[in-house]
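Residue-level structural notes
One-letter residues, chain by chain:
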2 protein chains.
Amino acid sequence: MSNQKLFNVAVVGATGAVGEQIIGLLERRNFPIAELKLLSSARSAGTKLKFKGKELTVEEATPDSFKGIEIALFSAGGDVTKALAPHAVEHGAVCIDNTNAYRMDPDTPLIVPEVNIDKVSEHRGIIANPNCSTIQMVTALKPLQDRYGIARIIVSTYQAVSGAGSRAIDEMLRQTREALAGNEVVPDILPVGSLPVKHQIAFNAIPQIDKFQDNGYTLEEMKMVRETKKIMGDESIDVTATCVRIPVVYGHSESVYVELKQDYELEDVKKLIAESPGVVLVDDPAGQRYPLATEAAGQPDVFVGRLRRDLGHARGLNLWIVSDNLLKGAAWNAVQIAEYIAIENE
Amino acid sequence: MSNQKLFNVAVVGATGAVGEQIIGLLERRNFPIAELKLLSSARSAGTKLKFKGKELTVEEATPDSFKGIEIALFSAGGDVTKALAPHAVEHGAVCIDNTNAYRMDPDTPLIVPEVNIDKVSEHRGIIANPNCSTIQMVTALKPLQDRYGIARIIVSTYQAVSGAGSRAIDEMLRQTREALAGNEVVPDILPVGSLPVKHQIAFNAIPQIDKFQDNGYTLEEMKMVRETKKIMGDESIDVTATCVRIPVVYGHSESVYVELKQDYELEDVKKLIAESPGVVLVDDPAGQRYPLATEAAGQPDVFVGRLRRDLGHARGLNLWIVSDNLLKGAAWNAVQIAEYIAIENE
């Protein structure tokens, strides 16, 4: 590997919840890095972060930050991506973007490596990383799509507060302490930082993630609908989602009903999922084993269990899908794409 | 009302989470009581409880406890009901049972007053109170059944720990303190007290409520399936449930997909629900208003919101249904039935 090509890599949003995970993964995966540039907003610039024993200073991200950069990983919000990614592309970088900015752009591939890595080559400089709740669902359902076809998906989510960023984690822990002490619980950020109404997340379930759209669904729900169709390459799949925030720190759980196009045997489905890349079957009712957010936290895989035939529809199947929303749901999926790009460009 | 008939009432399981709520409701509703007898296991006998300013001593429940009792409210577990309710009936009492013991017995009416109070008269001494997660769902869906017919229900629940009793609440609060302090979290009771494997509930979501059945569903899930058909009086309704415990103290939330038999207008459905007894419409996306467990706690009603047309199926409708599992889900539904019995026997 002495002749392995090394890459100049930038991480935009280096001080955020996802950026931190990306840096950790680049280190642990021993990503072939020549130079690592850590970028952030002006507010966080100057922060010092460790990478492979060396201290790096986070710099403010500007259009000129990307000179010489070959791979740029963005997770600093859609506005930052829109403002800076085109400059990075001009400088010759491939951008892997964790935000919603380009996901539904027809010229931007939306990639989950286990599902549609073949589409990466269609990029024009930007590759979009899907929404966290979408990634884990399509990773688990892809083998079913390939074998049986999927007609319909109805999903209800149980999403961790880390999906709303580090400040939302802090808020949830603070509220929990307030509630345990019998004090007034003061909501400050959730459900949506930029909206006026706040709700308690400690010991609660909030059926709003992101802003409401005109059709009564939230943006998070519509992301699951649109992104699933795009990633699976089938606009005919009916998808309905209800996205809910619950008091969990790391790990999204999903109750998924899927209607297949062909008849199935439950044992075949279990075998198929157990053998699929990136997916771990945890399904032993007698032993009370099923996926749990606390056990998925810190793991790169998607965990699937509670597999059972629908009681009404012969081609209906119920699943419980859990994954670490900051890893496979964000940082790990992005680094997987970066690793693919690196190998392709060796 | 000076000639109002007064009843001798027994509460079995008086020291439990539901029993406590029943006693509070009998007092606040000014239920026509001649004598109130508080009963429990031998372990809790001797406990002193207040009722209308008087101190009452809880007695051990035995077959002879029911002499002279006219209305007996049971919430001390299925085994206690099975052992004692037949004796109460022999002594002439009408039993309103909060446990699973008689719910699916064809000779026992399973009652949610807003849905099927007309069936009460068919009782042979025992009237069953449905499972908490079922009660709030059928209360919300009954007006839709009457107007449009219901073909199918797919529900995912977000259930509070109080549904597993006072000890489960204590466990969740203790685990939360342990986790916040960075200490090891020790599971002790949940998900099922009588089963060997325990899981952390603090900052987690556990997809197991009650024991697994041979078909891969839990008993809680099968309760929702069977009880919904019985209460709604329609065995043809397809019901599938995924029941999940989350770190909430009071208030079950439910993500419900329902497929109606006739086309509907969303505004008509909202109006219908807003006008239905026992149901409160909380549905204002622009104002970020929807039902929340923390707001439903302590309230007798079933709160419904997030109403939206399914994106794939024209007759599909999604709802978010929240209610206090100890009140409408248990104690309040039982006291409603008792009030009906009292009026019928005046």
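Everything below is about the structure shown above.
Now for a look at the structure at hand. (Residues numbered from 1 in each chain as written. Chains lettered and ligands numbered in written order. Predicted model: local features only at pLDDT ≥ 70, side-chain atom pairs only at ≥ 80, totals over all residues. Heavy atoms only, no water.)

What to know about the interface of chain B and chain A
Across the contact, 64 residues belong to chain B and 64 residues belong to chain A. Interface area for chain B against chain A, summed over the two sides, is near 5200 Å², with a carbon-plus-sulfur share of 57%. Between chain B and chain A we count eight salt bridges in total. Elements that contribute at least two residues to the side of chain B that touches chain A include exactly β9 (150-158), α5 (166-180), α6 (219-232), β10 (238-242), β11 (252-260), α8 (293-296), β13 (302-309) and β14 (316-323) of chain B. Its residues assigned to classes, the side of chain B that touches chain A comprises 33 nonpolar, 20 polar and eleven charged. (Contact = heavy atoms within 4.5 Å. Buried area = accessible area lost by both parts, 1.4 Å probe. Salt bridge = Lys/Arg side-chain N within 4 Å of Asp/Glu carboxyl O. Helix = DSSP H or I, 4+ residues; strand = E, 2+ residues; numbered from the N terminus. Nonpolar A, V, L, I, M, F, W, Y, C, P; charged D, E, K, R; others polar.)

What to know about the sheet that holds strand β13 (residues 302-309) of chain A
All names here are of chain A. Taken in spatial order, the six strands make up an open sheet running β10-β9-β11-β14-β13-β12, and their pairing is mixed. With one partner strand each, in any of the chains shown, β10 (238-242) and β12 (279-281) form the two edges of the open sheet. Taking each pair of neighbouring strands and ignoring which way they run, the sheet shows an average axis angle of 25°. Sheet topology places strand β11 (residues 252-260) next to strand β14 (residues 316-323); eight bridges connect them, and they run antiparallel. Its bridge partner being in β14, S255 is matched across the sheet by W320. In this fold helix α7 (residues 266-274) packs onto β12, β13 and β14, with an angle of close to 175° to the strand it touches most, β13. (Pairing = 2+ DSSP bridges. Axes fitted to C-alpha atoms, helices over the stretch in contact; angles between N-to-C directions.)

Some points on the pairing of strand β9 (residues 150-158) of chain A
Residue and element names in this part refer to chain A. The buried count for β9 comes to eight of nine residues, which makes it a mostly enclosed element. Two strands pair when backbone bridges link them, and β9 and β11 are joined in this way by eight bridges, in the antiparallel orientation. From the neighbouring strand, Y158 faces β11, where its bridge partner is S253. Across five bridges, β9 lies against β10 in parallel orientation. The partner of I153 across the bridge, within β10, is V239. (Buried < 20%, exposed > 50% of the residue type's maximum accessible area, 1.4 Å probe, protein only.)

Focus: the pairing of strand β3 (residues 48-51) of chain B
All names here are of chain B. In this structure, β3 lies alongside strand β4 (residues 54-57), joined through four bridges in antiparallel fashion. Bridge pairing links F51 to K54 in β4. Hairpin connection between β3 and β4: a loop of two residues separates the two successive antiparallel strands, and K52 in this loop has a positive phi of roughly 50°.

Considering the nonpolar core
Residue and element names in this part refer to chain A. With 40 residues, the main nonpolar core has L141, L144, I153 and L319 as its most contacted residues. Those elements giving two or more residues to this core turn out to be α4 (132-148), β9, α6 (219-232), β10, β11, α7, β13 and β14. Looking at which element gives the most residues to this core, the answer is α4, with seven residues. Residues from two domains meet in this core; each of domain 1 (7-129 + 330-344) and domain 2 (134-325) gives at least three. Ignoring any residue separated from it by four or fewer positions in sequence, one finds L144 in contact with G149, I150, V258, L260, V269, L272, L317 and L319. (Core = buried A, V, L, I, M, F, W, Y, C linked by side-chain atoms within 4.5 Å. Domains from an automatic or database assignment.)

Some remarks on the relation of the copies chain B and chain A
Superposition of chain B onto chain A requires a rotation of 180° combined with a translation of 0.0 Å along the rotation axis, giving an RMSD of 0.0 Å. Taken together, the rotation and translation describe the operation of a two-fold axis. (Least-squares fit on C-alpha atoms with pLDDT ≥ 70 in both.)

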